[in-house]
Amino acid sequence: MKTFLRYDNPIWALIGAVLFCLIYSWSTSPLYQVMGSDSPFFELIGMGITQGKVPYVDLFDHKGPLLFFINALGFSFGIGKTGLFLLQTVWMTATFILLYKLALLFLSGDRRKAFFAVLLSALPLIDFITEGNQCEEWMLPFICLCLLCSCRYVLSPDRKHSPSLSLMYGAAFAILFYIRPNDAVMQIGGIYFGLFLIWIVRKEYRQILPNIAAFLGGCILVSIPLWWYFIARDSVPDFLYGMIIHNLRYTGDALFTWGGIGMILIPAVCYGAIFLWTRKNDSGRELAFIFIPIFVFTVILVGKRDYYHYLIPTVPALAISFALALRSNWKAYLWTVCALFAIFSFRQDKCIVRAVSMGPDLKEFYSRTDALFEKVPQEQRNSIWNYNLWLYPCEDGGPHMVSLFGAFVHAGITMGNRDMIWFQEEFWDEPVTFVDKRPEWLVMCPEEEYMENVDYLYENYDLVASTPSEPYCEIRLYHLKEE
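Residues numbered from 1 in each chain as written. Predicted model: local features only at pLDDT ≥ 70, side-chain atom pairs only at ≥ 80, totals over all residues. Heavy atoms only, no water.

Observations concerning the overall build of the protein chain
For the protein chain, the count of helices and strands is 19 helices and six strands. For the protein chain, whose C-alpha radius of gyration is 24 Å, the value lies close to the compact-globule estimate of 23 Å for 483 residues. Once the C-alpha set of the protein chain is aligned to its principal axes, its extents read approximately 80 × 45 × 45 Å. Here the protein chain, with 483 residues, has 55% of them falling under the buried criterion. Pairs at least 24 residues apart make up 74% of the contacts formed inside the protein chain by residues separated by at least 6 positions. (Helix = DSSP H or I, 4+ residues; strand = E, 2+ residues; numbered from the N terminus. Rg over C-alpha atoms; globule rule 2.2 N^0.38 Å. Buried < 20%, exposed > 50% of the residue type's maximum accessible area, 1.4 Å probe, protein only. Contact = heavy atoms within 4.5 Å.)

And the structure:
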């Protein structure tokens, strides 16, 4: 029993991961019927990959391809989004284990305090996780591992840096880059830039070239299978546009909001605590070379939108700051920061309460949309055009948690339009609409705000069936009229 109750028993990480994902990843948890708003995009492209569709070509989103392949792996288990939930649990278990090791490094082996540092780091993760299955969530084990290895190297008296570590950093950089490029630069780029500065300051110039070569080798190893996938499908231009060019348009369109102040303030407090400790401890002074670039790159690249899931990659650094606060007995820092995170979790708690209360209505709603899709022949269901299904605003001022778009995920089918949702058309010079393609089948909601070319729809399509307007709204299925 004493062996089982050890603070370093990995079973605690597994239990914590299961509970965390069950409760807070409400877009994928089997406890809820809610589909989320961002998650269905990733799930549908992942599902499309298992059906032979190509990301960016057949189904479009501007995230990196690895996110879609991770979702495809979850759906390849054949148990719907539950397979994705199981994959999340594995990922989160690895994250908690590495967070514990990272905290332990700064607590001189104090297992009890390291355990509590991980518990405290779950508070900001609750705030940042939003709905679950966010792209930043899948990055956490790689960020934790790179921070653990780099901090261990800096704190070690051994100054020899093995190129095999640089190979790992390069692979981790590429993994993050092919999920969301900004985070790769902010996190792994910041870490490795810091190591480069350390070698310069120490005048250890001979370490630079072998390690940089190994770093590039790690990037190449991860890149080869991804590029081969798109080369084999003649879709490299679509891949580059979706991940790079479209992203630049998307971020350039963003406007600063006052809610975005927290996007800078939270990293400032987190990294500020680490900088304070490094200044007071000679053994850890060089750690500033690691964390200053991460902070600077975060301020530059985190984005102007107040999307707090962008801050998920800061959780490992927050775990370090909590560990240092426990080590140095910074009670004011611990109480203030943890109280603020607990207060700001109100929105997430509200979402969970709503997800539970909406369960019966959502179950009924999706059973009816499933029946609607079943009126389309089996071989044509993955080509149904999504005219305007997205989120239904069923509560003024609250989180809109009824995903009309999620009806496709629930039915296990993907749509026929590349731009899965109408607002994606706004970023194209020459958007392709249903008027251009004249798909045979089409679904729409007459209560949604987007009603472009609706007269053409009514003139050229026959209404086949529709769902009742309760509990949320009517969904209509149309079929192209015969010539």
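Regarding the pairing of strand E4 (residues 441-444)
The alternating pattern of E4 places Trp441 and Val443 on one face and Leu442 and Met444 on the opposite face, and all of these are buried. Pairing between strand E1 (residues 385-386) and E4: two bridges, direction parallel. Residue pairing for E4: tryptophan 385 is matched across the bridge by leucine 442. Two strands pair when backbone bridges link them, and E4 and strand E6 (residues 476-480) are joined in this way by four bridges, in the antiparallel orientation. In the strand pairing of E6, valine 443 is matched with leucine 477. (Pairing = 2+ DSSP bridges.)

Notes on the environment of isoleucine 292
Tracing the sequence through the fold places isoleucine 292 in helix H12 (residues 288-301). Judged by its relative accessible area of 41%, isoleucine 292 is partly exposed. Separated by 102 residues in sequence, isoleucine 292 and glycine 190 have C-alpha atoms that sit 7.9 Å apart.

Here we look at the pattern of salt bridges
Applying the stated criterion to the full structure yields eight salt bridges. Its salt-bridge partner being arginine 111, residue aspartate 8 comes within 3.5 Å of it at the nearest N-O pair. Taken together, the positions of aspartate 8 in the segment before helix H1 (10-24) and arginine 111 in helix H5 (residues 111-128) put the pair 103 residues apart, joining distant regions of the chain. Its relative accessible area of 26% is what places aspartate 8 among the partly exposed residues. Arginine 111 gets classed as partly exposed once you look at its relative accessible area, which sits at 42%. Glutamate 286 is the salt-bridge partner of arginine 202, the closest N and O atoms lying 2.5 Å from each other. Here glutamate 286 lies in the loop between helix H11 (261-280) and H12 and arginine 202 lies in the loop between helix H8 (181-201) and helix H9 (208-232), a separation of 84 residues in the sequence. The class for arginine 202 is buried, based on a relative accessible area of 13%. Bridged by salt links that share partners, the residues Arg159, Arg202, Glu204 and Glu286 form one connected network. (Salt bridge = Lys/Arg side-chain N within 4 Å of Asp/Glu carboxyl O.)

Topic: the environment of leucine 389
Tracing the sequence through the fold places leucine 389 in the loop between E1 and strand E2 (391-392). Remark: the alpha-carbon pair of leucine 389 and alanine 273, spanning 116 residues in sequence, is separated by 45 Å. Discounting chain neighbours no more than four positions away, the residues touching leucine 389 are Leu404, Phe405, Phe408, Ile421, Val443, Met444, Cys445, Glu448 and Ile475.

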